[in-house]
2 protein chains.
Amino acid sequence: MPRLPILEWIKTYNQSKLSDDTVAAVIVTIMLIPQSLAYAMLAGLPPEVGLYASILPLVAYALFGSSMTLAVGPVAVVSLMTAAAVSQVATQGTPEYLGAAILLGLLSGVILMGLGLARAGFLANLLSHPVISGFISASAILIAFSQLKHVLGIPVNGHDLPAIIDDLATHIQETNGPTLIIGGLSIAFLFWVRSGLKPLLIQIGLSSGMASTASKAGPVIAVILSTAAVSLFALNQFGVSIVGVIPNGLPTPALPALDWSLARELLPAAFLISIVGFVESVSVGHTLAARRRERIQPNQELIGLGAANIASGLGGGFPVTGGFSRSVVNFDAGARTPLAGVMTAVMIALTALFLTPLFEFLPKAVLAATVIVAVLSLVDLKAIHRVWVFSKSDFIAMMTTIVTVLGIGVEAGIIAGILVSISFLLAKIARPHFAVIGQIPGTQHFRNADRHQVLTSEKVLAVRLDEMLYFLNGHTFEDAVNQLLNTNKNLTDLVLLCTAINEIDASGLEVLESINERLDSQGIRFHLSEVKGPVMDRLDRVGFKAHLTGQIFLSHYEAMCALDPDCESNGHVRSARP
Amino acid sequence: MPRLPILEWIKTYNQSKLSDDTVAAVIVTIMLIPQSLAYAMLAGLPPEVGLYASILPLVAYALFGSSMTLAVGPVAVVSLMTAAAVSQVATQGTPEYLGAAILLGLLSGVILMGLGLARAGFLANLLSHPVISGFISASAILIAFSQLKHVLGIPVNGHDLPAIIDDLATHIQETNGPTLIIGGLSIAFLFWVRSGLKPLLIQIGLSSGMASTASKAGPVIAVILSTAAVSLFALNQFGVSIVGVIPNGLPTPALPALDWSLARELLPAAFLISIVGFVESVSVGHTLAARRRERIQPNQELIGLGAANIASGLGGGFPVTGGFSRSVVNFDAGARTPLAGVMTAVMIALTALFLTPLFEFLPKAVLAATVIVAVLSLVDLKAIHRVWVFSKSDFIAMMTTIVTVLGIGVEAGIIAGILVSISFLLAKIARPHFAVIGQIPGTQHFRNADRHQVLTSEKVLAVRLDEMLYFLNGHTFEDAVNQLLNTNKNLTDLVLLCTAINEIDASGLEVLESINERLDSQGIRFHLSEVKGPVMDRLDRVGFKAHLTGQIFLSHYEAMCALDPDCESNGHVRSARP
């Protein structure tokens, strides 16, 4: 695996790719500027920090990342997680808060890089689809509520939904009229841009792709118009909160002050942010790569995102990851290589150097409106319904995640989701499906006697265990076999069909031996059929075959033919089970 | 399920059972007296507490337990766990220490009872066989080392092996000669009784069972001889530590002082003690019940042990459970019903009332010797080797348990064992076995093309996934399928044989749909074969069949016959894979 994917794609770089990448970079930059400012605000940080987090990380990702079109930078969920983590250790608005956010970015980068080098990308698989989906929906709701304060112009400090709602209710009568008008108009405008502008543009002759990309300029238009309005009518003197003076220039890249006890405190949050950011980024990357028949390499992605976050920490930014809407825009705008990201970074850097005075009169309500409209599209109610229909366990895991995120917080939510998913998985394994099987007449195929019309033998009982035979279910399986022995007398043989026994551990081995002994004491031989190769290899290591009173058959049909004297190849008659 | 098993067995109680039970009760009492004193000492408690823990619990178990022959009382591992837990919250020798131990018994009883009523006995399945075996071996080593101080007559306070060894090394030169002689002789005698006495008794004409039971009297003989020697020669004046004056009488059953904050502190330990005690007890109960074709009911056992521990707490005792050697003696001595336990309880009560002066000069070194000899038989090195051969994952779980118990403590050890086992289980599921399959010539049976000489088709690729399709492995499976598509061109169909897919969760469903889409975009139809009933039910709920580009076949043979034009029933020819 190449450690520096840039060495691959740079070889075939040419004029045509350069012009495509340049167009994409301009479009992404226009989109990224308001997003950077808004997500910095969501993270509780000064707006310029959002710009800083959109410069070096993009360059680092271009060097180390494996996706051709992923656009990294501040994203909503990670910014929310940053706010939740950092406000545990520092007060918003203090230099300590900023320092902790920068350290969090650095830590997150080191963790991602470490996981990548250890090829531990599989850890992201701990997050099931319903947990991720629930987590994102709940985070989106939490973000939308947390941003309402800016739209209303009132103070709200809560970090969970009940606290936020409580604060909103307490201060609702302090709502600032001009702020609400600006915020409300922005939200309405942005929603219209999302749903109404694109069809309009197509109607007037733009291609669907062009129209789609152009409609992503909504936030920028809102920013320009509202900034102009505030500055013209001095609305900030009527209580409209504005971004204010942003220092011109760029921070000198530097290692943040390393406070080890603070780092230890932030470590769990950094880990969760890393995993969530990785999952979000990889799912975007997968989606886009699949469209062009490209592939992303999860472990290389970890290294790319790790480098991006380390760069963010060194460059005075906060945790970043690949953003969904931004990457789609990059893709649709025609980006061919990560060089588009480098060019975006240069343009953001120029913005930070020369254009920040333009943002002085930008109302915070508009930034909040862009966040609210962006995140509400992440709430996926259909997914909740679909999971409910498909699997109650998955639904419970999903709802646990949602309720915990809203009621307690993002970190607790993600942990609760993982723990509930794993518990259900263990519970599933602990209660395996177990069936008496018989032959489908006229075939060599054996199925569950309770579900299919099959032929069974009085003397040779055939059963199937639909699970790995493991410590979690060994005793349950043994009990099930014992119960069968009580109801089936006159048996001479018991055959266990092992097609679904994907693994046997030491506890499972004990159970097989105990069943073998018990059957032996009752004069019944114990056979296995269709044991999988890897499982058989393992049983062979301890000489299991030597203890087994019966045989191990390659196919179950072979077993039944060998054991049941009534059986004739493909045409034996046995009593059908009801 | 009967809540009071006594109501069942008491109906058929008769003279013959009474005389059998009485004999067993006498023999168990003789064995239990020194054990009770010794395990109380191991738990850091006054010796009489061991007697108290051997009275009411036996009566309570007789009422509620489901095993006919299990003998409950103080046992080595649970006593060690009690010492570890209680010494966290109180200093040995203080009334607070005793109070905490009694409270621990009560808590443990409430937990066991609660688990039983909630039918949560399956929780014990979290402990894999290798973890239990490792835990018991390591605890035995820890116990043996912790008791060496009594044999040497030196002070040792450590609770983990390094600390104990450190203390032993520091104080070894303070060894008390007479104590060492008594302790050493006792150990030698007890080992000889275990290995040498039984053959001797058989030689002089006793039956094997009688000889075996008689050889269990070793500790009592050692106790009598050593007590006599100490009292005759006043060895206690030469530094031999003795049990001392034990108060005559019995405590009035009472609810211990309920200190809620202490209870909360002891709760995790009480939970672990409950689980370990339950596992130990159930495995003894299973073994004995199987010998007589009886059955024990795990959830009823929880209630029985819960009642026993609540009774222990109320009667001034500490946590108890079913002991292995004692139950075997009870069984071999011919106990037929739990009434044997009630009679044992009465005899222990009489002992506590009238015989305690006899124990005044009993040297602690002898009690320690009985503990050491008893626990060393629990160290199972063969099991370690067997697990090593069978499964490296199980071996690592076992060694983690052993090392953690010895190095950190019993509670940490059991938790580490569970966590490592679960991690390996998750890792196994995350890396499923996946195979391209083909037909075994002349059969309707399909196996791994890498392991068997099989027939495969150029156009119809058949694969088998050997695992539930779950959030842990969905992406891995998808990657594996994609990789296959890159190496197999010209495919028209892909058939997934689902015999080993025991469950599909919402994440797995997404993966199936994503594979279906990807195949569709390449003009390849996607089919499933031999989908298990419960899995098919679930797929039907979301109308999966409607999206699937291909079909779902009852048997894989049927699928291949339907899809492959070259196939003729039972005799088609295809290129064999190397």
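Basis of the calculations
- Residues numbered from 1 in each chain as written.
- Chains lettered and ligands numbered in written order.
- Predicted model: local features only at pLDDT ≥ 70, side-chain atom pairs only at ≥ 80, totals over all residues.
- Helix = DSSP H or I, 4+ residues; strand = E, 2+ residues; numbered from the N terminus.
- Contact = placed C-beta atoms within 7 Å.
- Expected span 1.5 Å × (residues − 1).
- Bend = angle between axes of the 7 residues up to and from the residue.
- Buried ≥ 20, exposed ≤ 12 C-beta atoms within 10 Å, placed from the backbone.
- Axes fitted to C-alpha atoms, helices over the stretch in contact; angles between N-to-C directions.
- Parallel < 35°, antiparallel > 145°, perpendicular 65-115°, else oblique.
- Nonpolar A, V, L, I, M, F, W, Y, C, P; charged D, E, K, R; others polar.
- Pairing = 2+ DSSP bridges.
- Least-squares fit on C-alpha atoms with pLDDT ≥ 70 in both.
- Domains from an automatic or database assignment.
- Right-handed = clockwise from strand over helix to strand, strands pointing away.
- Left-handed = near helix turned anticlockwise from the far one by under 90°.

S.K.: Just to check I follow, could you spell out the overall build of chain A for this structure?
M.R.: Across its full length, chain A holds 24 helices and eight strands. In terms of principal-axis extent, the alpha carbons of chain A reach across some 100 × 60 × 60 Å. In chain A, of all internal contacts separated by at least 6 residues, the share reaching a separation of at least 24 is 81%.

S.K.: Honestly, helix 9 (residues 177-203) of chain B in this entry has me stumped. Any pointers?
M.R.: Residues and elements named next belong to chain B. An ideal rise of 1.5 Å per residue puts 39 Å on 27 residues; helix 9 measures up with 37 Å between its terminal C-alpha atoms. Taking the largest bend as the criterion, helix 9 deviates by roughly 45°, centred on Gly196, and proline Pro199 comes between one and four positions later. Of all the positions in helix 9, only Thr179, Ile182, Gly183, Ser186, Ile187, Phe189, Leu190, Val193 and Leu197 are classed as buried. Once helix 9 ends, the next one or two residues include Gly205, with phi positive near 115°.

S.K.: What am I meant to see in the packing of helix 2 (residues 15-42) of chain B against helix 16 (residues 364-376) of chain B here?
M.R.: In a pair of packed helices, the angle between the axes and the distance between the axes together describe the arrangement. Residues and elements named next belong to chain B. Following both chains from N to C, one finds helix 2 and helix 16 inclined at 95°, their axes separated by 9 Å at the closest point. For the element pair helix 2 / helix 16, the angle class is roughly perpendicular. Across the interface between the two elements, Pro34, Leu37, Ala38, Met41 and Leu42 from helix 2 touch Lys364, Leu367, Thr370 and Val371 from helix 16. Of the residues assigned to the contact of helix 2 with helix 16, the class counts are seven nonpolar, one polar and one charged.

S.K.: Help me understand the interface of chain B and chain A in this model?
M.R.: By convention, interface size is frequently given as the accessible area that disappears when the constituent parts associate. Between chain B and chain A, the contact holds 46 residues from the first and 46 residues from the second. Among the elements of the structure, helix 7 (129-152), helix 17 (381-390), helix 19 (410-430), helix 21 (506-521) and helix 22 (533-541) of chain B are those that each provide at least two residues to the side of chain B that touches chain A. Of the residues assigned to the side of chain B that touches chain A, the class counts are 18 nonpolar, 16 polar and twelve charged.

S.K.: Would you mind going over the pairing of strand 5 (residues 460-466) of chain B with me for this structure?
M.R.: Here is the key point about a regular strand: its side chains alternate between the two faces of the sheet. All names here are of chain B. Among the seven residues in strand 5, six count as buried, and that is most of the element. Both strand 3 (residues 433-439) and strand 5 contribute to a ladder of four bridges, which runs antiparallel. When the sheet's bridge partners are listed, His433 is paired in strand 5 with Asp466. When strand 5 meets strand 6 (residues 493-497), the two strands line up parallel, connected through five bridges.

S.K.: Explanation requested: the relation of the copies chain B and chain A in the structure shown.
M.R.: What relates the pair of chain copies is a rotation about an axis plus a shift along that axis. Mapping chain B onto chain A calls for a screw motion: a turn of 179° about the axis and a shift of 0.0 Å along it, with 0.1 Å RMSD after fitting. Both copies of the chain, as the preceding transformation shows, are related through a two-fold rotation axis. Of every C-alpha in chain B, the one belonging to Ala500 of chain B sits nearest the axis of rotation, 2.0 Å from it. Take the interface residues of chain B: 100% of them recur as interface residues in chain A, which is what a same-surface contact looks like.

S.K.: Sorry, what's going on with the domain arrangement of chain A here?
M.R.: Looking at the assigned domains, one finds that chain A contains domain 1 (6-422) and domain 2 (432-563). Domain 1 of chain A and domain 2 of chain A are separated by 54 Å when their C-alpha centres are compared.

S.K.: Got a minute to help me understand the sheet that holds strand 3 (residues 433-439) of chain A in this structure?
M.R.: Adjacent strands of a sheet pair through backbone hydrogen bonds, lying either parallel or antiparallel. All names here are of chain A. Strand order across the open sheet formed by six strands is 4-3-5-6-7-8, with mixed pairing between neighbours. Both outer strands of the open sheet, strand 4 (446-448) and strand 8 (552-553), are each paired with one neighbouring strand and no more. Sheet topology note: the strand 6 (residues 493-497)/strand 7 (residues 525-529) ladder contains five bridges and is parallel. Across the sheet, the residue bridging to Leu496 is Leu528, located in strand 7. Packing against the sheet, helix 24 (residues 556-563) makes contact with strand 3, strand 4, strand 5 (460-466), strand 6, strand 7 and strand 8, and its axis sits at approximately 175° to strand 6.

S.K.: What exactly am I supposed to notice about the pairing of strand 7 (residues 525-529) of chain B here?
M.R.: Residues and elements named next belong to chain B. Across the five residues that make up strand 7, a large majority, four, are buried. Taken together, strand 6, helix 21 and strand 7 constitute a β-α-β crossover, and its handedness is right-handed. Examined bridge by bridge, strand 7 and strand 8 (residues 552-553) share two bridges and lie parallel to one another. Note on strand 8: the bridge partner recorded for Leu528 is Ile552.

S.K.: How do you make sense of the environment of Leu288 of chain B when you look at a structure like this?
M.R.: Residues and elements named next belong to chain B. Relative to the assigned elements, Leu288 resides in helix 12 (residues 260-291). Among the residues examined, Leu288 registers 24 C-beta atoms within 10 Å and is labelled buried. Distance in space between the C-alpha atoms of Leu288 and Glu265 is 36 Å, their sequence separation being 23 residues. Excluding its chain neighbours within four sequence positions, the residues that come into contact with Leu288 are Ser67, Thr69, Ser327 and Phe331.

S.K.: It is not clear to me how the packing of helix 18 (residues 392-407) of chain B against helix 19 of chain B should be interpreted in this structure. Could you clarify?
M.R.: All names here are of chain B. Relative orientation of the contacting elements helix 18 and helix 19 amounts to 165°, with a least axis distance of 7 Å. Taken together, the axes of helix 18 and helix 19 lie roughly antiparallel to each other. Regarding helix 18 and helix 19, the two cross each other, and that crossing is right-handed. Touching Ser393, Ile396, Ala397, Thr400, Thr401, Thr404 and Val405 of helix 18 are Val410, Ala412, Gly413, Ala416, Gly417, Val420, Ser421 and Phe424, all from helix 19. Residues that form the contact of helix 18 with helix 19 fall into these classes: eight nonpolar, seven polar and no charged.

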